[in-house]
Structure formats: structure tokens, C-alpha cells
Amino acid sequence: MLFRSVTPAGCLLAFCEGRLQQRDWGDTDIIMKVSRDGGRNWQHSRLANNHHELIVGGRSVGAIPKTANWRNPTSVYAKNAVYLFLSVDEGGESQGKISSGKSRFKTRFFFTHTNHEREWGDGIRWSPLREIVVPHAYYGGATGPGRALYLNGRLIVPANTNRGQENKRSFCFISDDLGETWRFSGPAGSSTENQITNLSDGRLLMSKRAAGTQEFWVSADATRWSRLPKDTSLVTP
């Protein structure tokens, strides 16, 4: 998976999962590459996260397994910085074990952001990791992956959680103060791998991977979602 954020100055930040094993659920970091000329040339790959540094940098974020599965990078440019949202599980545990609550750790959600873009000439630096605490009961889940939105001063981040394979929930993290506080949208069905975009009429569109097809939901402000008729011609694995 490769996702990117583009700044007004034409700087591109591209993110992907750096998997140390050839599987979805293993010891995984988030890899970043930077282009300062619109994608013609790219700097060497580097870690966008390092869970050992993030544990000791700033406040403690609690017990994160040493072998961690950082997944589904979801990014957006907001107020002269790039915001990066991540989910993390215990590396090596299967999706079924995590979703059923048999793993030692449930999925946790974090975000970080870069320093001000005008300072990037001296290097891109990331803020201390901060956790987004989900209020409802769950075991597994993930951000996005892909893109978040920043519209009219509001951060909107697609996500999903599950409590067993049959109890899944799609929703959005919402912040009106650049991550100082968070609230959560109403549910948008039970699918995973959510993407959101803004439509020409001002509404938001969520596209989600469902069982064998795509689902589409719309919202006026990301707080409440309504399902559109299913298009069975759009097939997903």
C-alpha cells in the first residue's frame, strides 16, 4: 500500500507499510519517502515511526509490544503540517486472534504530525505519539488506510473496529482542534478499509470494502452517515 500527502509548496510525503515478514500480521513499521520537486526525485526511505523512540519521546503511551504491527497509514495536510494516523497490534498475532480478543493487546490508534513546513529545510521531525481512545468496546480495528480529510478546520479520519468477525463498525474520528480532543461519528455499517472524499455538492462520500463488493455512504458533516444503494457490479476480493 502506498499513500501520499501533498503540501501547497509541492512537497510530497509517501507512506507505506514496511513488512519484515511476507504477511499482513507481523513486525511492521511505516516507511516514508519525501520528494521536494513534485515527485521527480525522491529521498532515501526512512521510518515515519519507530515505536521504541515514540514510547520514550514525550509522555508515555503505555505498553506497546516490542514486536509491533503498525498498520494502515492514513495522512492529511492540515495547518502547515502533515498529520499521520496509525493503528498498531501485537506483531505475529493473527487477525482472527486479535478480533476475537485472544491476543494480549487489542488494536490501539495513534497520531503524530510533522513540524511546520517552513522548517523542513532542516529536516522533517515528528511530534510525540498521541493516542486516540475509542469509547466503545472492541478488540481489533484499523485506520483508513489512505487519506484523511481536513475541511473547514475539521480533521476527519476514517476507521473501523471489530469485536469478533460478525461485530464490525465503520466510523470516523473527528477533531475540530487539530487533535487536542476527539469525538466519533455515528456508525456507517460494518465494512472495513474505509476511504472518504468530499463531493462537489459539499457532502462527504465514504467508500468501503464489503463482502465481495463496495459500499458507499454519504454524510453532510461526517457525524451521521446514510447508505447509498449497493452497486453489485463493483467487485472486491
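Details of the structure are given in the entry above.
Computed from a predicted model, the values in this text were never measured in an experiment.

Rules of the game
Residues numbered from 1 in each chain as written. Predicted model: local features only at pLDDT ≥ 70, side-chain atom pairs only at ≥ 80, totals over all residues. Heavy atoms only, no water. Helix = DSSP H or I, 4+ residues; strand = E, 2+ residues; numbered from the N terminus. Buried < 20%, exposed > 50% of the residue type's maximum accessible area, 1.4 Å probe, protein only. Areas by Shrake-Rupley, 256 points an atom, 1.4 Å probe, with all protein chains shown as cover. Salt bridge = Lys/Arg side-chain N within 4 Å of Asp/Glu carboxyl O. Pairing = 2+ DSSP bridges. Core = buried A, V, L, I, M, F, W, Y, C linked by side-chain atoms within 4.5 Å.

## Focus: the overall build of the protein chain
Stage number 1. Counting secondary structure elements, the protein chain contains two helices and 19 strands.
Stage number 2. In the protein chain, which comprises 237 residues, the proportion classed as buried is 50%.
Stage number 3. Accessible area for the protein chain stands at about 11600 Å²; split by element, carbon and sulfur atoms hold 49% of it.

## Notes on unusual backbone geometry
Stage number 1. Residue proline 145 follows glycine 144 across a cis peptide bond; omega there is 0°.
Stage number 2. Positive phi outside glycine occurs at asparagine 80, with the angle close to 70°.
Stage number 3. By secondary structure assignment, the location of asparagine 80 is in the loop between strand E5 (68-78) and strand E6 (81-90).
Stage number 4. In this structure, asparagine 152 is a non-glycine residue whose phi angle is positive, near 55°.
Stage number 5. Taking relative accessible area as the criterion, asparagine 152 reaches 84% and is therefore assigned exposed.

## Thoughts on the pattern of salt bridges
Stage number 1. Per the stated rule, a full pass over the model turns up ten salt bridges.
Stage number 2. Linking aspartate 89 and arginine 71 is a salt bridge whose minimum nitrogen-to-oxygen distance equals 2.6 Å. Here the residue aspartate 89 occupies a position in strand E6, and arginine 71 occupies one in strand E5, the gap between them amounting to 18 residues. The same class applies to aspartate 89 as to arginine 71, namely buried.
Stage number 3. Arginine 209 serves as the salt-bridge partner of glutamate 193, at 3.2 Å between the closest nitrogen and oxygen. Within this pair, whereas glutamate 193 is found in strand E15 (residues 192-198), its partner arginine 209 is found in strand E16 (residues 204-209), the two being separated by 16 residues in sequence.
Stage number 4. Glutamate 193 sits in the partly exposed class, given a relative accessible area of 37%.
Stage number 5. Salt bridges linked by common partners bring Arg154, Asp176 and Arg183 together as one network.

## Re the pairing of strand E7 (residues 108-113)
Stage number 1. With respect to burial, E7 is a largely interior element, five of its six residues being buried.
Stage number 2. Relative to E7, E6 runs antiparallel, the two being bridged by six bridges. Within E7, the position partnered with serine 87 by the bridge is phenylalanine 109.
Stage number 3. Note: E7 against strand E8 (residues 130-132), three bridges, orientation antiparallel. Each residue of the ladder has a partner; that of phenylalanine 111, found in E8, is arginine 130.

## A few points about the nonpolar core
Stage number 1. Of all hydrophobic cores here, the largest spans 18 residues; its most connected members are Leu13, Phe15, Trp70, Val82 and Trp126.
Stage number 2. Only strand E2 (12-19), strand E3 (28-35), E5 and E6 provide two or more residues apiece to this core.
Stage number 3. If you tally residues by element for this core, the top one is E6, at four residues.
Stage number 4. Residues Phe109, Tyr138, Leu155 and Phe173 belong to the second largest nonpolar core, which totals 17 residues.

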